[in-house]
Amino acid sequence: MRKFLLGLAATTALVSPAFAEMLDLEKDELTFGFIKLTDMAPLAVAYEQGYFFDEGLFVTLEAQANWKVLLDGVIDGKLDGAHMLAGQPLAATIGFGTEAHIITPFSMDLNGNGITVSNEVWEQMKPNIPADAEGKPIHPISAKALAPVVETYKNAGKPFNMGMVFPVSTHNYELRYWLAAGGLHPGYYSKDNISGQIGADVLLSVTPPPQMPATLEAGTIHGYCVGEPWNQQAVFKGIGVPVITDYELWKNNPEKVFGITAEFAEQYPNTTLAVTKALIRAAMWLDENENANRMDAVEMLSRPEYVGADAEVIAASMTGTFEYEKGDKREVPDFNVFFRYNASYPFYSDAVWYLTQMRRWGQIGEPKLDSWYDEVARDVYKPAIYLEAARMLVDEGLANEADFPWDSDGYKAPTPAADVIDGIAYDGKSPNAYLDSLPIGLKGDQVVVGTELKG
Amino acid sequence: MTTADPNFTETADREARRARLFTRINAADKWFQVLGLTWLTPMLRAAAGDNPRAQAKEVWRLLAVPLLAIAAFLLLWGVLAPRVQTSLGAVPGPAQVWEEAVNLHQDAQAKAVKRAEFQAKVDQLNARLIASGREPKDRAYTGAPSYYQQIWTSIQTVFFGFLLATVVAVPLGILAGLSPTANAGLNPLIQIFKPVSPLAWLPIVTMIVSALAATEGGLFPKSFIISAVTVTLCSLWPTLINTALGVASIDKDLVNVSKVLKMNTRTKISKLVLPSALPLIFTGLRLSLGVGWMVLIAAEMLAQNPGLGKFVWDEFQNGSSSSLAKIMVAVLTIGIIGFLLDRVMFALQSLFTFTNNR
């Protein structure tokens, strides 16, 4: 804090009219990684709209091959920061996978994912889904409609495979949540077996997002959970049908975060603030005037160096419509939310939800106290940096005071039952009680040993 | 014709001029061969009056037939392509590929504009820094490279790898050629490592380069070094083998000469071995460059060196409706550049060798 004040005092003498209050940056040439998904938009916007430049930052954005390469890049310093799955900083900090203390001062977006199944599976699911007066399937579609299909496959001796993008990805947890809510078991992890398929009705495996439509087409998987534009891409190419978006699964659920190593934040506090400021401005621009700038964002994202998919495929979800079956377009105005509903504030309750899901499926092997969840959340999510950056933006007149939750204790109000597909409310302050209330999954003191549950 | 012919001197002069012209055309033919323009020679000869009918046959063989073959290929492609429907749309025909080539060119121009704007902004910033008494800083461009820059990166990488390969292979080849013991020692290693694919070398090279070059930065980016080293490992074998062969098959008489003159090793190598072995060494170099160019594309795809290989991989990942056409543009570019590289090597080869058997 002192260093920041000294730096600020030193640079007030150098304030020039064209640049916003320029912090004394420790490191101004940065490389950020991202995966080709629609929700890397805040990074692209911050670069293209000049928000990074305004802060004095020279940023190179590099697409990464997959989530593992991205995480390794941040951990070993090749990347200064990256577009990350919300679970990655948490898993890295608690030591599931490569251990490293990664923190996040900025949440990149809410929602943005969908679950798609292949055409064959959809044909078999359709009879199980109640239709409305016009014959269109009633949404949200529960995994109960999928259960008979999985039975058929099991009886024929064929495994039912589905894809997700990373063992600690939001998609993994959302897919599992949806399957469990429909009575299907997605499998446990144990200390010795991290395939996540112990006792599973549906076998889940990892595929990088851009390769998912191809893998679905090839028949290696029968469905997947992934972020946009890869669900709409499947519809566009006629190889699959999205059955549910995560907006319908849990309204306004947390999705991606911007992750940096704890060392980076310690060594370069001003740089971290500058980056957060630029990203907040980008998020504001994306949601400005009821999403008025979304089409410009779509044009940006369709460039080959960013997402590269066709603009019309990206435009669907970015402008608030989502096509399920071919021709069945529905309004989902908040499919991608970047700033509204405090989407960019890193809430502790979001971190705790991911930790509960990690515990639910056995990635966290032992039972933990509620206080442990709170501690880890505070270790990884840094709303203090976010609010400091927001305060600076408000002082410079670039943001509104009213848009930020200054007084929040870091926990959102408990999610009402109506906002979740299976009606189970979530209160971030009582993670163990929440775990006990979920039908399928580890509860209380249960542990997975070999292929059995104990405790 | 007798000397009483009033036009004798004129006719004689004309004949002499013609003879000189033909000599010049024959000399130029050597260069036309290097540039791949062999069909010009018969045309020039026909224009100079040398048996037009026979020259017409040559022109047909050297120019018209290849052109017809290319035209037939394009026609076949254009007809068959739309019949195959992939999930990215129909397979692009020549027209779409041309369109995408034009798009890439326009995109490169747009990127050049952006680069200029970036530089202007940086200059502005630097001016401000100077005005407030701080040091101006030189900034590398942070945006994406254009297609032409990617081509240039690929060419740089392949030449770097190729030079490394030459520096390693030629001395080893000379050693193996001169000494049967060394040959016996090197031979098993060569035979085992020769068939290894670049994709198998890549993880090993990546690990080693990452370990040795602990910090990021330095003269070359890591991905450049990884790609270049992979090219080296795969392309040094033709040069090595051909050099060894060339050195081993020096005329026995010449070797005896060196013994009689009591030449030391250095003189022997520079005055005797290298010049005699040059034709085969150059054959090896030409083969190596060809192999290296092929290997480079695969190595770049995986090492993410910002060249043509990465371009193809990124387009594949993007899966947009223009991706397949862009990949085809890249394929044609790779082919054309490979052809040009081969021509360059051929030119060098004909510069340095005078006959084929020495």
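Residues numbered from 1 in each chain as written. Chains lettered and ligands numbered in written order. Predicted model: local features only at pLDDT ≥ 70, side-chain atom pairs only at ≥ 80, totals over all residues. Heavy atoms only, no water.

Caption draft 1: Broad picture of the overall build of chain A. Helix and strand counts for chain A stand at 19 helices and 16 strands. Relative to the globule expectation of 23 Å for 455 residues, the C-alpha radius of gyration of chain A, 22 Å, shows essentially globular dimensions. Here the C-alpha coordinates of chain A stretch approximately 75 × 50 × 35 Å along the principal axes. The contacts in chain A between residues at least 6 apart in sequence include a share of 73% that link residues at least 24 apart. When the accessible area of chain A is evaluated, it comes to approximately 16,100 Å², of which 52% is carbon and sulfur surface. (Helix = DSSP H or I, 4+ residues; strand = E, 2+ residues; numbered from the N terminus. Rg over C-alpha atoms; globule rule 2.2 N^0.38 Å. Contact = heavy atoms within 4.5 Å. Areas by Shrake-Rupley, 256 points an atom, 1.4 Å probe, with all protein chains shown as cover.)

Caption draft 2: Molecular detail of the nonpolar core. All names here are of chain A. Membership of the largest hydrophobic core comes to 62 residues, with the highest contact counts inside it found for Trp67, Met84, Leu90, Trp353, Leu355 and Tyr381. Looking at this core, the element that brings in the most residues is helix H16 (residues 348-360), giving seven residues. Counting residues in each nonpolar core, the second largest holds 60 residues, with Tyr47, Leu61, Val307 and Tyr386 among its members. (Core = buried A, V, L, I, M, F, W, Y, C linked by side-chain atoms within 4.5 Å. Buried < 20%, exposed > 50% of the residue type's maximum accessible area, 1.4 Å probe, protein only.)

Caption draft 3: Spotlight on the confidence of the model for chain A. In this model, chain A carries an average pLDDT of 88, and 95% of its residues clear a pLDDT of 70 or more. Across residues 9-20 of chain A the pLDDT falls below 50, and counting only partners more than four positions away or on other chains, this stretch makes 16 contacts in the model. (pLDDT = per-residue confidence, 0-100.)

Caption draft 4: Highlighting the confidence of the model for chain B. Per-residue confidence for chain B gives a mean pLDDT of 86; residues scoring 70 or more make up 96%. As scored by the predictor, the complex reaches a pTM of 0.81 and an ipTM of 0.71.

Caption draft 5: Region of interest: the interface of chain B and chain A. Each side of the interface is counted separately: chain B has 28 residues, and chain A has 30 residues. A combined buried area of about 2,400 Å² lies between chain B and chain A, and 51% of that area is made up of carbon and sulfur atoms. Here Arg139 of chain B makes a salt bridge to Asp28 of chain A, at a shortest N to O gap of 2.9 Å. Summed over the shared surface of chain B and chain A, the number is eight residue pairs in polar contact (both at pLDDT 80 or more). Broken down by secondary-structure element, the contributors of at least two residues to the side of chain B that touches chain A are helix H4 (94-131) and helix H11 (308-318) of chain B. Among the elements that line the side of chain B that touches chain A, the one with the most residues is H4 of chain B, at seven residues. (Buried area = accessible area lost by both parts, 1.4 Å probe. Salt bridge = Lys/Arg side-chain N within 4 Å of Asp/Glu carboxyl O. Polar contact = N/O pair within 3.5 Å; in protein donor to acceptor, adjacent residues only side chain to side chain.)

Caption draft 6: Quick look at the pairing of strand E11 (residues 256-261) of chain A. Residues and elements named next belong to chain A. Within E11, six of the six residues are buried, leaving the element largely enclosed by the surrounding structure. Pairing of strand E3 (residues 81-85) with E11, which is carried by four bridges, proceeds in the antiparallel orientation. Among the inter-strand pairings, Leu85 is bridged to a residue of E11, identified as Lys256. (Pairing = 2+ DSSP bridges.)

Caption draft 7: Broad picture of the environment of Leu203 of chain A. All names here are of chain A. Position of Leu203 relative to the elements: it lies in strand E8 (residues 203-206). A relative accessible area of 23% places Leu203 in the partly exposed class. Each C-alpha atom of the pair Leu203 and Met162 lies 6.1 Å from the other, and the pair is 41 residues apart in sequence. Each residue touching Leu203, except ones within four places of it in the same chain, is listed here: Pro159, Phe160, Asn161, Met162 and Gln197.

Caption draft 8: Focus on the domain arrangement of chain B. All names here are of chain B. You can read the domains of chain B as domain 1 (6-82) and domain 2 (101-353). Distance between the C-alpha centres of domain 1 and domain 2: 36 Å. The interface of domain 1 with domain 2 comprises six residues on the first partner and seven residues on the second. For the pair domain 1 and domain 2, the summed buried area comes to about 440 Å², and 73% of that belongs to carbon and sulfur atoms. Per-residue buried area on domain 1 facing domain 2 is highest for Gln33, Val34 and Trp77; these three make up 78% of the total on that side. At the boundary of domain 1 with domain 2, the tally comes to zero salt bridges. For the pair domain 1 and domain 2, the interface holds zero residue pairs in polar contact (both at pLDDT 80 or more). Considering every element that reaches the side of domain 1 that touches domain 2, the biggest residue donor is helix H1 (residues 8-35), with four residues. Of the residues that constitute the side of domain 1 that touches domain 2, the class distribution is four nonpolar, two polar and no charged. (Domains from an automatic or database assignment. Nonpolar A, V, L, I, M, F, W, Y, C, P; charged D, E, K, R; others polar.)

Caption draft 9: Expanded view of the packing of aromatic side chains. Residues and elements named next belong to chain A. On inspection of all chains with the given rule, the structure shows 33 aromatic pairs over all chains. Relative to Tyr306, the ring of Phe34 lies with its centre 6.3 Å away and its plane at 45°, an arrangement referred to as tilted. With Phe34 in strand E1 (residues 29-34) and Tyr306 in the loop between helix H14 (294-301) and helix H15 (311-318), this residue pair connects regions lying 272 residues apart in the sequence. Given a relative accessible area of 0%, Phe34 falls into the buried group. An aromatic cluster is defined as three or more aromatic residues linked by ring pairs; in this entry it consists of Tyr173, Tyr177, Trp250, Trp353, Tyr354, Tyr426 and Tyr434. Over the ring of Tyr324 we find Arg330, and its NZ or CZ is 5.8 Å from the ring centre. Its end group placed over the ring of Trp406, Arg391 keeps NZ or CZ at 4.1 Å from the ring centre. (Phe/Tyr/Trp six-rings, centres within 6.5 Å; stacked < 30°, edge-to-face > 60°. Lys NZ or Arg CZ within 6 Å of the ring centre and 35° of its normal.)

Caption draft 10: Focus on the sheet that holds E3 of chain A. Residues and elements named next belong to chain A. Across the sheet, which stays open at both edges, the five strands sit in the order E2-E1-E3-E11-E4 with mixed pairing between neighbours. Two strands in the sheet have a free side with no partner beyond their single neighbour: strand E2 (58-63) and strand E4 (102-107). Taken over all neighbouring pairs, the strand axes of this sheet differ in orientation by 30° on average, direction set aside. By the bridge criterion, two bridges tie E1 to E3 in an arrangement that is parallel. Each bridged residue has a counterpart across the sheet, and for Gly33 the counterpart in E3 is Ala82. (Axes fitted to C-alpha atoms, helices over the stretch in contact; angles between N-to-C directions.)

Caption draft 11: Expanded view of the side chain of Asp80 of chain A. Residue and element names in this part refer to chain A. Relative to the helices and strands, Asp80 is located in the loop between helix H4 (67-75) and E3. Classification of Asp80 by relative accessible area gives buried; the value is 9%. At 2.6 Å, the side chain of Asp80 and the side chain of Lys27 are in polar contact. Those residues within four positions of Asp80 in sequence are excluded, and the remaining contacts are Lys27, Glu29, Leu30, Thr31, Phe32, Ile260 and Phe264.

Caption draft 12: Representation of the pairing of E8 of chain A. Residues and elements named next belong to chain A. Of the strand pairs in this sheet, strand E7 (residues 161-164) and E8 are connected by four bridges, and their pairing is parallel. The residue of E8 that forms the bridge with Met162 is Leu204. Considered for its hand, the β-α-β crossover made up of E7, helix H8 (residues 170-181) and E8 is right-handed. (Right-handed = clockwise from strand over helix to strand, strands pointing away.)

Caption draft 13: Expanded view of helix H18 (residues 383-395) of chain A. Along its 13 residues, H18 of chain A runs 18 Å from first to last C-alpha, staying within 8% of the 18 Å computed at 1.5 Å per residue. Looking one or two residues beyond H18 of chain A, the residue adopting positive phi is Gly397 of chain A, at roughly 80°. (Expected span 1.5 Å × (residues − 1).)

Caption draft 14: Examining a nonpolar patch on the surface more closely. A contiguous nonpolar patch, built from Trp31, Val344, Leu348, Leu351 and Phe352 of chain B and spanning about 490 Å² of accessible area, is present on the exposed surface. When you line up the elements, Val344 of chain B lands in helix H12 (residues 323-352). (Patch = residues over 30% accessible without salt bridge, like charges linked within 9 Å, V, L, I, M, F, W, Y side chains within 5 Å.)

Caption draft 15: Layout of unusual backbone geometry. The omega torsion across His139 of chain A and Pro140 of chain A is 0°, close enough to zero to call that bond cis. Mapping Pro140 of chain A onto the fold places it in the loop between helix H6 (119-125) and helix H7 (147-155). Note the cis peptide between Glu228 of chain A and Pro229 of chain A, where omega equals 10°. Here Pro229 of chain A shows up in the loop between strand E9 (223-227) and helix H10 (230-236). Even without being a glycine, Asn289 of chain A presents a positive backbone phi close to 50°. As for its placement among the helices and strands, Asn289 of chain A is situated in helix H13 (residues 269-291). Non-glycine residue Lys262 of chain B carries a positive phi angle of around 50°. The exposed category is assigned to Lys262 of chain B, whose relative accessible area is 74%.

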